[in-house]
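# Residue-level structural notes
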Amino acid sequence: MEEIVLNTIKKYNLINNGDKIVVAVSGGPDSMCLLNVLKNIREKFNLELFVAHINHMIRDEAIEDENFVKKFCEEKGIEFYSKSIDVKKLANNSKIGVEEAGRIARYDFFDEILDYTNSNKIAIAHNKNDKAETIIMNFMRGSGITGLKGIEPKRKKYIRPLIECERTEIENYCKEKNLDPRIDKTNFENEYTRNKIRNVLIPYIKKEFNPNIINTLNRLSELVGEEEEYIEKQVERNFENLKLVETKKEIVLDLKKFNKLEKVIKSRLVLYTIMSIFGTTKGIEKVHVDDIIKLCDNNIGNKYLTPNKNIKVLVKDHKIYFLDQR
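Report on the accompanying structure. (Residues numbered from 1 in each chain as written. Predicted model: local features only at pLDDT ≥ 70, side-chain atom pairs only at ≥ 80, totals over all residues. Heavy atoms only, no water.)

### Some points on helix 3 (residues 62-76)
With 15 residues, helix 3 extends 22 Å from end C-alpha to end C-alpha; this agrees with the ideal 21 Å at 1.5 Å per step. Here helix 3 has its buried residues at Ala62, Asp65, Glu66, Val69, Phe72 and Cys73. What you see down the axis of helix 3 is that its buried residues fit within an arc of 130°, all on one side. Residues of helix 3 that are exposed and angled more than 90 degrees away from the buried face: Lys71, Glu74 and Glu75. (Helix = DSSP H or I, 4+ residues; strand = E, 2+ residues; numbered from the N terminus. Expected span 1.5 Å × (residues − 1). Buried < 20%, exposed > 50% of the residue type's maximum accessible area, 1.4 Å probe, protein only. Arc of directions from axis to C-beta.)

### A word on the pairing of strand 7 (residues 243-246)
Bridge analysis of strand 7 against strand 8 (residues 250-254) gives three bridges, and the strand direction is antiparallel. Counted as the bridge partner of lysine 243 is leucine 253 from strand 8. In this antiparallel pair of consecutive strands, strand 7 and strand 8, the connection spans three residues. (Pairing = 2+ DSSP bridges.)

### Points about helix 7 (residues 167-176)
Listing the buried residues of helix 7 in full gives Arg167, Ile170, Tyr173 and Cys174. All buried residues of helix 7 project into a common sector of 120° when viewed along the axis, lining one side. Projecting away from the buried face of helix 7 at angles above 90 degrees are the exposed residues Lys175 and Glu176. Packed against the buried residues of helix 7 are helix 1 (2-12), helix 2 (29-45), helix 6 (128-141) and helix 8 (193-208). Just past helix 7, the residue asparagine 178 takes up positive phi, approximately 55°. (Contact = heavy atoms within 4.5 Å.)

### With respect to the packing of helix 2 against helix 3
Axis separation between helix 2 and helix 3 bottoms out at 12 Å; the angle between their running directions is 10°. Judged on the interaxial angle alone, helix 3 and helix 2 are roughly parallel. Residues Met32, Leu35, Asn36, Lys39 and Arg42 of helix 2 pack against Phe68, Phe72, Cys73 and Lys76 of helix 3. For the contact of helix 2 with helix 3, the class distribution of residues is five nonpolar, one polar and three charged. (Axes fitted to C-alpha atoms, helices over the stretch in contact; angles between N-to-C directions. Parallel < 35°, antiparallel > 145°, perpendicular 65-115°, else oblique. Nonpolar A, V, L, I, M, F, W, Y, C, P; charged D, E, K, R; others polar.)

### Here we look at the side chain of arginine 160
The topology assignment puts arginine 160 in the loop between strand 6 (158-159) and helix 7. No salt bridge is formed by the buried arginine 160; the nearest opposite charge belongs to glutamate 152, separated by 7.0 Å. Of note is the side chain of arginine 160, whose polar atom sits 2.9 Å from the side chain of histidine 126. In contact with arginine 160, other than residues within four places in its own chain, are Thr8, Leu14, Tyr107, Ile124, His126, Ile151, Glu152 and Pro153. (Lys, Arg positive; Asp, Glu negative; His and termini not counted. Salt bridge = Lys/Arg side-chain N within 4 Å of Asp/Glu carboxyl O. Polar contact = N/O pair within 3.5 Å; in protein donor to acceptor, adjacent residues only side chain to side chain.)

### Some details on the nonpolar core
As a rule of thumb, soluble globular proteins bury nonpolar side chains together. Among the nonpolar cores identified, the biggest contains 32 residues, and Ile15, Ile21, Val23, Leu35, Leu38, Val51 and Leu162 are the most heavily contacted of them. For this core, the secondary structure elements donating two or more residues are helix 1, strand 1 (20-24), helix 2, strand 2 (48-55), helix 3 and helix 7. Looking at this core, the element that brings in the most residues is helix 2, giving eight residues. In this structure, Phe239, Leu242, Phe258 and Cys296 belong to the second largest nonpolar core, which totals 25 residues. (Core = buried A, V, L, I, M, F, W, Y, C linked by side-chain atoms within 4.5 Å.)

### Describing the sheet that holds strand 7
What the five strands build is an open sheet, ordered 7-8-11-10-9; its pairing is antiparallel. A single partner strand is all that each edge strand has here, and the edge strands are strand 7 and strand 9 (303-308). Strand-to-strand twist in this sheet, taken as the mean axis angle between neighbours without regard to direction, amounts to 15°.

### Brief notes about the pairing of strand 1
The buried fraction of strand 1 amounts to four of the five residues, a majority that puts the element mostly inside the structure. Pairing between strand 1 and strand 2: five bridges, direction parallel. Residue valine 22 lies in a different strand from strand 2, and its bridge partner there is phenylalanine 50. For the crossover that starts at strand 1, traverses helix 2 and ends in the parallel strand 2, the hand is right-handed. The pairing of strand 1 with strand 4 (residues 121-123) spans three bridges and is parallel. Considered in strand 4, the bridge of isoleucine 21 is made with lysine 121. (Right-handed = clockwise from strand over helix to strand, strands pointing away.)

That's the geometry; what it means functionally is another story.
Okay, here's the thing in structure tokens:
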């Protein structure tokens, strides 16, 4: 297991000497495996480790999970930070799903601990199975090619050293090392989409179609990733060629040059530009991108679109203005 992780770290350049890493630890098999592996290799890389644990206040056993992780950290000399958040209340107040609310709460807390400890990376315990499940979820949502990449090994400050480990390997490692991880029983309930994919769909595919579906989907992810990397380079090159103005509040592109591009590059360029201003393209769907491209094609001055309340896209004086309305 540790050899697989070390190879993954080297392959994707996940860890450098002297890194300060916040490790997201729930107490389950995946995160306990990740923490134990990083603990065992920390001298090799001269690492500083800090554990971040969040109590979602959903399960009765949550406080036991927290105490379990805290005790492990105390025994191994690792700094431990925890926070309790009423995720159901957060979901209701924000009018979003409980899963999404939990994800937001976790990542906000990880960022908080990253800043507090002056760390430079956050390690998440996603594995091969998680990646396969994400690919299926994205496919069913009609996310396009980008969604078929699934979970990336490295994205900015986030690293996933277990991304080339299968869940069975992780569970076996926990047994061998007597980690005795906590088991979240809600993972076996099929209330949420991911659990249905994990507990119902993937076992069915394994039985009826492809027993190696996890590895098959991970190979697909690698192929898509290579093509995506090439396309992204083309988009970045075109962005620099078209860009006339770039500030924190606006980006202005050359309309004439934009209209000469192939549609696939136009679509990516729209998303890339929005990402450059807002740091996310969440809430921007295909219909919004198509409407922006149509607006540019029509080339009628002083016409604009507002895909959401934060973004205004204006065509004026042979230019495309992407404006931050926040």
